Amino acid sequence: MYFPTAGIECNPFIPFGAALCISFFTSMGGISGAFLLLPFHMSVLGYVNPSVSATNQFFNILACPPGVWRYWREGRLIWPLALTVAAGTLPGVFLGALIRVNWLPDPDKFKIFAGLVLLYVGGRMARAVWKGRQAESPGMKLHGAPGTSDAAVAGKDDRCAGPDAPANCCRVLEWNTRSLSFAFQEKKHVVSTPRLALLSLVVGLIGGVYGIGGGAIMAPFLVSFFALPVYAVAGATLFATFLTSVAGVSFYSLLAPLYPGMAIAPDWRMGILVGLGGMCGMYLGARCQKHVPATALKCLLAVILLFTALRYLGQAF
């Protein structure tokens, strides 16, 4: 099959199968798999023009919803966390798209940028694993305020309240301009809302350049920097990735007419193929995640990030 925007020809089952396998493993850590799909496009298929970033984000639009739905069904989608990350990431995605088109259209320069970003994030994750930090922060036992029962803390309309609540459910306790707190596995986790929004802005900028929506960078930071449990953040980062990818694809498409001599808009054929593969892998990965140890998930994230970073830098230099 020929892909006109990418300017390549390949068997359609190759990108579909690659997207399925990548998404299955990466979705367990709250990552869509787009950051690994991009080196597959560039190194294996030879898809190197700037539109690869937009195609990657279109992959996120199709691939993320099944995983998000599965996490929501199990009560592990923390809406305040997802919305805060998305709100901070969106402005950065627009700026990142402009940077990609105007200053990083050359594949070698782009590989250096991407390699350095992933090396830093992967190094943080590897350091956390080396220190033996558990996926769940020490936290505090959740007993609520004096004279308040756990049911009252959770709230009557909480999805996790009642005998039919899903196992390993997340309960939002507080969300305001100062902090976000939630309970997971009888432990309380608190994160600063301004710091989370600022980090999301930076991640959105990088994700907009790279074409990954930001989830691949945000998930490791939430786990290692904020010490949040990977089981609890995966749904939120996937949802934020979906929203920012919609914005990113729209912006790249709007930019395309302004640069007639450059391929900027997504390759829709390629995007649909990898998106369908990602949908299957994402759902299966989200379904299997709770059966995989948290330390193993962190190791998986670290290895994938470092391997991709070193491969990029090796190719660039």
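Residues numbered from 1 in each chain as written. Predicted model: local features only at pLDDT ≥ 70, side-chain atom pairs only at ≥ 80, totals over all residues. Heavy atoms only, no water.

1. Side note on the overall build of the protein chain
A count of helical and extended segments in the protein chain gives eleven helices and six strands. Looking at the protein chain as a whole, 54% of its 317 residues are labelled buried. Long-range contacts, defined as pairs at least 24 residues apart, comprise 78% of the intrachain contacts of the protein chain with a sequence gap of at least 6. When the accessible surface of the protein chain is split by element, carbon and sulfur atoms take 68% of a total near 13100 Å². (Helix = DSSP H or I, 4+ residues; strand = E, 2+ residues; numbered from the N terminus. Buried < 20%, exposed > 50% of the residue type's maximum accessible area, 1.4 Å probe, protein only. Contact = heavy atoms within 4.5 Å. Areas by Shrake-Rupley, 256 points an atom, 1.4 Å probe, with all protein chains shown as cover.)

2. Quick look at the nonpolar core
The biggest cluster of nonpolar side chains holds 76 residues, and the ones touching the most others in it are L81 and L196. With nine residues, helix α9 (residues 230-255) is the single largest residue contributor to this core. Excluding residues within four positions of it along the chain, L196 makes contact with L81, T84, V85, V191, M218, L222 and F226. (Core = buried A, V, L, I, M, F, W, Y, C linked by side-chain atoms within 4.5 Å.)

3. Quick word on the layout of surface pockets
For the largest pocket, the calculated volume is near 170 Å³. Along its surface, the largest pocket is lined by L36, P39, F40, S43, V44, I304, F307, T308 and R311. When contributions to the lining of the largest pocket are tallied by element, the ones reaching two or more residues are α2 (34-45) and α11 (294-316). Looking at the lining of the largest pocket, the element that brings in the most residues is α2, giving five residues. Here the residues of the lining of the largest pocket sort into six nonpolar, two polar and one charged. (1 Å grid on protein atoms, 1.4 Å probe; cavity = no way out; pocket = protein on both sides within 12 Å on 5 of 7 lines; lining within 4 Å. Points joined across faces, edges and corners; volume = space filled by probe spheres on them. Nonpolar A, V, L, I, M, F, W, Y, C, P; charged D, E, K, R; others polar.)

4. Quick look at the UniProt feature "transmembrane region" (unreviewed entry) in the protein chain
Mapped onto the present numbering, the UniProt feature "transmembrane region" (unreviewed entry) falls at residues 12-38, 77-100, 196-222, 228-256, 268-286 and 292-313. For residues 77-100, the helix share is 92%, the strand share is 0%, and the end-to-end C-alpha distance is 31 Å. The span residues 228-256 shows a helical share of 90% and a strand share of 0%, and its end C-alpha atoms are spaced 39 Å apart. (UniProt positions renumbered as here; feature names shortened; annotations may be inferred.)

5. A closer look at a nonpolar patch on the surface
Where nonpolar side chains cluster on the molecular surface, the patch consists of W69, W72, W79, L83 and W175 and spans about 520 Å² of accessible area. Put simply, the parts of the chain that give the nonpolar patch at least two residues each are α3 (51-73) and α4 (79-103). Mapped onto the secondary structure, W79 falls in helix α4. (Patch = residues over 30% accessible without salt bridge, like charges linked within 9 Å, V, L, I, M, F, W, Y side chains within 5 Å. Salt bridge = Lys/Arg side-chain N within 4 Å of Asp/Glu carboxyl O.)

6. Considering the packing of aromatic side chains
Using the criterion set out here, one finds five aromatic pairs in the structure. Each ring, one from F24 and one from F25, has its centre 5.0 Å from the other, and the planes form 80°; the classification is edge-to-face. Consider the rings of W69 and Y283, whose centres lie 6.3 Å apart with planes at 25°: the pair is stacked. In this pair, W69 sits in helix α3 while Y283 sits in helix α10 (residues 268-288), placing the two residues 214 residues apart along the sequence. Residue classification places W69 among the partly exposed residues on the basis of a relative accessible area of 40%. (Phe/Tyr/Trp six-rings, centres within 6.5 Å; stacked < 30°, edge-to-face > 60°.)

7. Re the side chain of S23
Along the chain, S23 turns up in helix α1 (residues 13-26). With relative accessibility at 0%, the residue S23 sits in the buried group. If near-sequence neighbours (up to four positions away) are discounted, S23 is found in contact with S32, F59, G278, G281 and M282.

8. A word on α3
Taking 1.5 Å as the rise per residue, α3 with 23 residues should run 33 Å; its terminal C-alpha atoms sit 34 Å apart, in good agreement. For α3, the principal kink sits at C64 and spans about 35°; a proline, P65, occurs within the next four residues. The element α3 is extensively covered by neighbouring structure, given that 18 of its 23 residues are classed as buried. Count one or two residues on from α3 and you reach G75, which has phi positive near 75°. (Expected span 1.5 Å × (residues − 1). Bend = angle between axes of the 7 residues up to and from the residue.)

9. A look at the pairing of strand β6 (residues 187-192)
Pairing geometry for strand β5 (residues 179-184) and β6, over six bridges, is antiparallel. Paired with F184 across the two strands is K187, which belongs to β6. In this antiparallel pair of consecutive strands, β5 and β6, the connection spans two residues, and Q185 shows a positive phi of 55°. (Pairing = 2+ DSSP bridges.)

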